[in-house]
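The lines below spell out each chain.
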Amino acid sequence: AQSVTQLDSHVSVSEGTPVLLRCNYSSSYSPSLFWYVQHPNKGLQLLLKYTSAATLVKGINGFEAEFKKSETSFHLTKPSAHMSDAAEYFCVVINFNKFYFGSGTKLNVKP
Amino acid sequence: DVKVTQSSRYLVKRTGEKVFLECVQDMDHENMFWYRQDPGLGLRLIYFSYDVKMKEKGDIPEGYSVSREKKERFSLILESASTNQTSMYLCASILDLGQGTEAFFGQGTRLTVV
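Bear in mind the structure is a predicted one, so any value in this text is a computation, not a measurement. All residue numbers here refer to positions counted from 1 along the written sequence of the relevant chain. For this description, chains carry letters from A and ligands carry numbers from 1, given in the order in which they are written. A pLDDT threshold of at least 70 governs which residues receive local features in this predicted model, and a stricter bar of 80 or more applies before side-chain atom pairs are shown or counted, although totals over entire chains, interfaces and linings include all residues. Calculated side-chain values reflect all of the structure's heavy atoms, with hydrogen atoms and water omitted.

Caption draft 1: A look at the packing of aromatic side chains. Any pair of Phe, Tyr and Trp rings, taking the six-membered ring for Trp, is counted once the centres come within 6.5 Å. Such a pair is stacked with planes under 30 degrees apart, edge-to-face with planes over 60 apart, and tilted for the rest. Taken as a whole and assessed by the stated rule, the structure comprises 16 aromatic pairs over all chains. Seen in terms of ring centroids, Tyr36(A) and Phe105(B) are 5.6 Å apart; in terms of plane orientation they differ by 85°. Their pairing is edge-to-face. A residue pair is termed interchain when its members come from two chains, as with Tyr36(A) in strand S5 (residues 32-38) and Phe105(B) in strand S10 (residues 103-105). The class for Phe105(B) is buried, based on a relative accessible area of 10%. Arranged with centres 5.3 Å apart and planes meeting at 10°, the rings of Phe33(B) and Phe48(B) form a pair that is stacked. In this pair, Phe33(B) sits in strand S4 (residues 31-38) while Phe48(B) sits in strand S5 (residues 42-51), placing the two residues 15 residues apart along the sequence. We note that Phe33(B), like Phe48(B), is buried. In textbook terms, an aromatic cluster arises when at least three aromatic residues are bridged by ring pairs, as seen for Phe34(A), Tyr36(A), Phe90(A), Phe99(A), Phe101(A), Phe33(B), Tyr35(B), Phe48(B) and Phe105(B). A helix here means a DSSP run of H or I that spans at least four residues, while a strand means a run of E at least two residues long, and both kinds are numbered starting from the N terminus. The buried label applies to any residue whose accessible area, calculated with a 1.4 Å probe on protein chains only, is under 20% of its type's maximum; exposed applies above 50%, and partly exposed to all values in between.

Laid out in structure tokens, this is it:
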């Protein structure tokens, strides 16, 4: 069973405009959710994590995500994109003591 | 800082060879994972280990085995490499699997099987 679904494989925005990367999850209990970022030829870096505290989670580099249980979503947002945000983003859920990755969303930022 | 080191960044192997990918972490973590990363598929779990000499299959274990003789080292073995195992391989290390625990990743090994 698919534990996490990223709804867009590619997203393209202009610099200075908002970013929305969508993620839906399935979990039998209260999940732990993460967003990781991978820049070209770099390792994976944690952006933010949700652990059943506040539903709005703030991460590094101005990113944030909101946990919505009713919609089983954990979308990643940023008010204003920067060229350096161009990367691939992965939504991750912990289920049964395993980390499950979404298929990734490649963010392109146009000047 | 936690450091997860994979022994090679790039490898080229021939079909049928036995291939060893090594991963070492320096923070005494219990849990280590091997993933492969392919375009459009994200990261898929091959095997994981939650203690020395303990291992569990992930979602795509066929064609792979693992070894964890010491806590800091987790090896992925391709018993007889095939071209469909050409991929990026990522190792991860996690202190515990409780809520909110971050996974730390190595830089990856890009394996090409010819």
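Caption draft 2: Region of the structure containing the sheet that holds strand S1 (residues 4-6) of chain B. All names here are of chain B. Pairing between two strands is assigned when DSSP locates at least 2 bridges connecting them. A sheet is described by the order of its strands in space; here four strands give the open sequence S1-S3-S8-S7, paired in antiparallel fashion. Bordering the open sheet on either side are S1 and strand S7 (64-70), each of which pairs with just one other strand. Across this sheet, the average inter-strand angle for adjacent strands is 20°, counted without regard to direction. Sheet topology places strand S3 (residues 19-25) next to strand S8 (residues 73-78); six bridges connect them, and they run antiparallel. In the sheet register, phenylalanine 20 faces S8, and the bridge partner there is isoleucine 77. Note on definitions: angles span 0 to 180 degrees between N-to-C directions of axes, and those axes are lines fitted to C-alpha atoms, for helices only across the stretch in contact.

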